[in-house]
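# Descriptive structure summary
Here's the letter readout for the chains.
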Amino acid sequence: MDRLRRPFQIIRADRRAYLLVNLLVYGAFLLGMALGMLFPDLRAARTASFADGSQGALVNAVVGNGWLFAVVIFLVNVFPTALLLITLPSLVVPFAGLAVFAVKTIDIGITLAPVDRTSGLTLIPHSLTVLIEFQAYVLVVFGAYLLGRSWLRPATVEAGMHGQGYRRGLRLLASLWLPALAVFVIGAAYEVVEIYFLVPRVLGA
């Protein structure tokens, strides 16, 4: 039970920083969408790049199997993004993952910009996917922020030295990874419902 309560205690203890991280993540996404709508050629280029890339090919290869599709979505969200883009850079350079993920989030926003009727209608059910999955990213980014702050300012976690602050920051990050994984599972499950059931109905297919 302590492990279940711990993430909520961390968020309550630093609610302002948590809200600012939400603003950073969702704000970067909305900025990307605005750029995609203002520059549709940019949006088309980014969409084509994803479709031709390894992740796009992987998703297309498994889209016919709902369960496998959900597993792939979960793994893509967790490993290439949450782990490689956010967590690992932050373990080496304080707050590095925040900057890297902000750029990634703008790119996602550009790709999902509603530039025509089809993309606009698709975004209706997909907006909940964005809300859920990005909340999981928020938890990881928040943990990376707390790690960087604890590392640079060990007094914020009642530590006397930077090394001790780093270790305590790691524990905070690990505690927030647990609920993030649960939210990633929920997001992947909903995305299957969205792709197989909701989008066809919205598009009248």
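Analysis parameters
Residues numbered from 1 in each chain as written. Predicted model: local features only at pLDDT ≥ 70, side-chain atom pairs only at ≥ 80, totals over all residues. Heavy atoms only, no water. Axes fitted to C-alpha atoms, helices over the stretch in contact; angles between N-to-C directions. Helix = DSSP H or I, 4+ residues; strand = E, 2+ residues; numbered from the N terminus. Parallel < 35°, antiparallel > 145°, perpendicular 65-115°, else oblique. Left-handed = near helix turned anticlockwise from the far one by under 90°. Contact = heavy atoms within 4.5 Å. Nonpolar A, V, L, I, M, F, W, Y, C, P; charged D, E, K, R; others polar. pLDDT = per-residue confidence, 0-100.

## So, the packing of helix α2 (residues 15–38) against helix α6 (residues 96–111)
Packing of α2 against α6 brings their axes to within 6 Å, and their N-to-C directions diverge by 40 degrees. It follows from the interaxial angle that α2 and α6 lie oblique. The way α2 lies across α6 gives a crossing that is right-handed. Contacts between α2 and α6 involve Leu 24, Val 25, Ala 28, Phe 29, Leu 31, Gly 32, Met 33, Leu 35 and Gly 36 from the first element and Leu 98, Phe 101, Ala 102, Thr 105, Ile 106, Ile 108, Gly 109 and Ile 110 from the second. For the contact of α2 with α6, the per-class residue count stands at 13 nonpolar, four polar and no charged.

## Observations regarding the confidence of the model for the protein chain
In this model, the protein chain carries a mean pLDDT of 94, and residues with pLDDT of at least 70 account for 99%. Looking over the protein chain, one finds the lowest element-wise mean pLDDT in helix α4 (residues 54–62), namely 78, and the highest in α2, namely 98.

## Description of the packing of α2 against helix α7 (residues 117–152)
Axes are the key here: two packed helices are described by the angle between their axes and the distance separating the axes. With their axes 9 Å apart at the nearest point, α2 and α7 run at an angle of 135 degrees to one another. When the axes of α2 and α7 are compared, the pair comes out oblique. In this structure, the crossing between α2 and α7 has a hand that is right-handed. The segment α2 lies against α7, with Ala 17, Tyr 18, Val 21, Asn 22, Val 25, Tyr 26, Phe 29 and Met 33 engaging Leu 123, Val 130, Leu 131, Phe 134, Gln 135, Val 138, Leu 139, Val 141, Phe 142 and Tyr 145.

## Side note on the environment of Ala 96
Considering the arrangement of structural elements, one finds Ala 96 in helix α6. Taking the C-alpha atoms as reference points, Ala 96 and Tyr 145, 49 residues apart in sequence, are found 9.1 Å from one another. With sequence-adjacent residues up to four places away left out, Ala 96 is seen in contact with Pro 89 and Ser 90.

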